[in-house]
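Here is how the chains run, residue by residue.
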Amino acid sequence: MNLPFTKHTLANGLDVLLHEDHSCPIVAVNVWYHVGSKNEVPGRTGFAHLFEHLMFEGSQHHDRGYFQPLQGAGASLNGSTNADRTNYWEVVPNGALELALWMESDRMGYLLPALTQAKFSNQRDVVLNERRQNYENRPYGLASMAMLGALFPPDHPYHWATDLKAAKLDDVHAFFQRYYHPANASIALAGDIDEAAALALVRAYFEEIPAGPRIARVRAAASIAEPIRLLLEDRVELPRIYSAWLTPAMFADDDAELDLAADLLANGKTSRLYRRLVFDERIATDVSASQNSRELTGFLQVAATAAPGHTLGEIDRAINEEIARISAEGPTVDEIERGRVQAESHFVLRLQTVGGFGGKSDQLNAYNVLLGDAGYFERDLARYYDATRESVQRAAQTYLTGAPRVTLSVVPRGRTELAVSGSIRAEVS
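Predicted, not measured: the structure shown is a model, and the values here were computed from it.

**Q** Whenever I open this one, the sheet that holds strand β2 (residues 15–20) confuses me. Can you help?
**A** The pairing of strands in a sheet comes from backbone hydrogen bonds and takes either a parallel or an antiparallel form. Across the sheet, six strands lie side by side as β1-β2-β6-β3-β5-β4; this open sheet has mixed pairing. With one partner strand each, in any of the chains shown, β1 (6–9) and β4 (76–81) form the two edges of the open sheet. Strand-to-strand twist of the sheet, defined as the mean angle between neighbouring strand axes without regard to direction, takes the value 15°. Note: β1 against β2, four bridges, orientation antiparallel. Looking at the pairing, K7 lines up with L17 of β2. This element, helix α7 (residues 195–206), spans β1, β2 and β6 (185–191) of the sheet and lies at about 150° to β2.

**Q** Is there a simple way to think about the packing of helix α8 (residues 255–266) against helix α14 (residues 389–401) in this case?
**A** Relative orientation and spacing of two packed helices are given, respectively, by the angle between their axes and the distance between those axes. Across the interface, α8 lies against α14 with an axial gap of 9 Å and an inter-helix angle of 90°. One element, α8, and the other, α14, form an angle in the roughly perpendicular class. Facing α8, whose interface residues are E257, L258, L260 and A261, α14 presents S391, V392, A395, Y399 and L400. Its residues placed into classes, the contact of α8 with α14 shows seven nonpolar, one polar and one charged.

**Q** Can you help me understand the sheet that holds strand β12 (residues 424–425) in this one?
**A** In spatial order, the strands read β9-β10-β8-β11-β7-β12; together these six strands make up an open sheet with mixed pairing. The open sheet is flanked by β9 (284–292) and β12, the only strands paired with a single partner. Pairing geometry for strand β8 (residues 240–247) and strand β11 (residues 406–412), over five bridges, is antiparallel. Considered in β11, the bridge of S243 is made with T407. Contacting β8, β9, β10 (298–306) and β11, helix α10 (residues 312–329) crosses the sheet at an angle of about 35° to β8.

**Q** Which parts of the structure should I look at to understand the packing of aromatic side chains?
**A** To describe a pair of aromatic rings, one takes the distance between the centres and the angle between the planes. The final tally for this structure, using the stated rule, is 20 aromatic pairs. An angle of 90° between the planes, with centres 5.4 Å apart, marks the rings of F47 and F175 as edge-to-face. A residue pair is termed long-range when its members are at least 10 positions apart, and F47 in helix α1 (residues 47–54) and F175 in helix α6 (residues 169–179) qualify at 128 residues. Classification of F47 by relative accessible area gives buried; the value is 4%. Members of the aromatic cluster, each reached through a chain of ring pairs, are Y33, F47, F51, F56, Y66, F67, Y88, F175, F176, Y179 and Y180. Over the ring of Y140 we find R240, and its NZ or CZ is 3.7 Å from the ring centre.

**Q** Mind showing me how you'd approach the packing of α8 against helix α9 (residues 272–280) here?
**A** Two elements in contact, α8 and α9, have axes separated by 3 Å at closest approach and are oriented at 30°. Taken together, the axis directions place α8 and α9 in an arrangement best described as roughly parallel. Along its contact with α8, which presents L264, L265 and A266, the element α9 presents R272, L273 and Y274. Tallied by class, the residues present in the contact of α8 with α9 amount to five nonpolar, no polar and one charged.

**Q** What's the story with the environment of G375 in this structure? I'm lost.
**A** Position of G375 among the secondary structure elements: in the loop between α12 (360–371) and α13 (377–386). The exposure class assigned to G375 is partly exposed, which follows from its relative accessible area of 29%. Sequence separation between G375 and T353 is 22 residues; the distance between their C-alpha atoms is 17 Å.

**Q** Looking at this model, I keep getting lost on α12. Mind explaining?
**A** Since there are 3.6 residues in each turn of an α-helix, residues three or four apart along the chain are aligned in direction. Under the 1.5 Å per step criterion, the end-to-end length of α12 is 16 Å for 12 residues, consistent within 8% with the ideal 16 Å. Among the residues of α12, K360, S361, D362, Q363, L364, N365, A366, Y367, N368, V369 and L370 are the ones counted as buried. Taken from the residues just after α12, G372 is the one with a positive phi, measuring 75°.

**Q** When you look at the pattern of salt bridges in this model, what are you seeing that I'm missing?
**A** Oppositely charged side chains may form a pair once their charged atoms are brought near each other. Taken as a whole and judged by the stated rule, the model has 26 salt bridges. One salt bridge in this structure joins D15 and K7, with 3.8 Å as the shortest N-O distance. Taking the shortest distance from any N to any O, the salt bridge between D380 and R383 comes out at 2.8 Å. Placement of both D380 and R383 in helix α13 is noted, with a separation of three residues, approximately one turn of the helix. We note that D380, like R383, is buried.

**Q** Explain the pairing of β9 to me, please; I cannot follow it from the model alone.
**A** On a regular strand, each side chain points to the face opposite its neighbour's, so the side chains alternate between the two faces of the sheet. Judged from the eight bridges that link them, β9 and β10 form a sheet pairing that is antiparallel. Considered in β10, the bridge of D286 is made with T305. Linkage of β9 to β10, two consecutive antiparallel strands, is achieved through a turn of five residues.

How each quantity is defined
- Residues numbered from 1 in each chain as written.
- Predicted model: local features only at pLDDT ≥ 70, side-chain atom pairs only at ≥ 80, totals over all residues.
- Heavy atoms only, no water.
- Pairing = 2+ DSSP bridges.
- Helix = DSSP H or I, 4+ residues; strand = E, 2+ residues; numbered from the N terminus.
- Axes fitted to C-alpha atoms, helices over the stretch in contact; angles between N-to-C directions.
- Contact = heavy atoms within 4.5 Å.
- Parallel < 35°, antiparallel > 145°, perpendicular 65-115°, else oblique.
- Nonpolar A, V, L, I, M, F, W, Y, C, P; charged D, E, K, R; others polar.
- Phe/Tyr/Trp six-rings, centres within 6.5 Å; stacked < 30°, edge-to-face > 60°.
- Buried < 20%, exposed > 50% of the residue type's maximum accessible area, 1.4 Å probe, protein only.
- Lys NZ or Arg CZ within 6 Å of the ring centre and 35° of its normal.
- Expected span 1.5 Å × (residues − 1).
- Salt bridge = Lys/Arg side-chain N within 4 Å of Asp/Glu carboxyl O.

Right, dumping it as C-alpha cells:
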C-alpha cells in the first residue's frame, strides 16, 4: 500500500503532492479545501455546497463555464463537498496539464471579481432546488436530516442542513475569502508527470495567490443522554427504521473496529442481519449498516425496510438482539477475516486510478488534509488488520449496547401504528 510521492509547501501555505505514474499518458489534478458544512454557522448554512456550484461558473480571467475548455481538451472533471471538506478534480491528457492548473488557480485566486449577484442568485436557487429534489420530495429523503438533528445538539457543526434563504452576496464573499485560499488547501498531481517540471508549473500558477487567514480547527463534542425515538410520516409505501449511535471520529481508536462491526451486521447476503431479517424471518425487504466516519465524531447507523404486513417494532427487536449477541460473544474468526479482506479490497480498488473520486490523487489529499500525513496508506489499512475479535466486541459493548441511540421510524402517512412504540414526531427544518 506504499504510494511513492513527494510533498512540497509553497510560500503561501499551499501543500503540493506529486506522484509519478507513467502507465498511461494522463494526469490527475486534485484540489482539496479544508472546508465543509461544519465551518458554517446557524442561519448561514449551505455555503460550502453553494461554492461547489459557483466554482464552475467562471472566474476573473475565464468568466464562462468551467467545463467546456477542459472537456474540449479531453478531460473529465467534477467536484463534491461534505461536512468536512470540499474537493475538485480533473483527469486530463498530459498535454492539458497546464490548462487544468491555470483554471484551478484562477478560481482559487480570482473567483470573486466574477461572482455577481446574478450568478449567486441563480446557483442559490439551484442548491435550494437540489434540497427539494434530494430530501423534501424523495421517499425517506428527510430521514437523514431528522437523524443528524437528533444525534447532534443545535450548536454542533453536524446538526444543521442547507439554509440559504437569508444568505447575501456579501456573506458569500466573506466565506470564500476565509476558506478558499492556498493556506487552507492541498493540491495533488498524479500520473504522467515529471516531478520537477510539475512543481515548477504549480509554483508559476499558484504561488502568487495570497495565503489567506489561518483557520483554527473546529472543536465540538456530542453526546446522547438517553434513548431518543422519533416518528416521521412520509409519502412511502413501506415503513423503514433507522437506528444510530454516536461513535469515534475518523481514524480514531475503535473507528476501524466499528467499521468491521457494521460490515458483519449488514454487508452482503451472508451478514447477520440480512440472513435473519430478509432471508430467514422475511420481516424486512432490505437492511444496511455503516460506520459514518467524520472528522469531529462519527455515527454508526443501521437501516431496514419492513416487509408488507410487518412492523418496525419487530425489526427493532431483531436488530437489538443481533447487536447484543456481538457484544456478548464477539464476531467469529471468519467474520473478522472477511472484513479484513473486504477492507483491503476497497483500498486496492481506490488505487486503481490516478484521479477521480477515491483515486490516488484524491486519497493523497484526504490523508494530507485530514491527518497532515499524506503517506498514511499502510497505517490506515493496518487498523483493520490490527483489529481482533476481542477489540470489535469491546467496541460494540462501549458504543452500541452500552450507549443510548436515536431511533427513527419513517411510516406511510396515517400509519403511525407501524412505528416503534414510544416514538414522538420528529421536527425537520
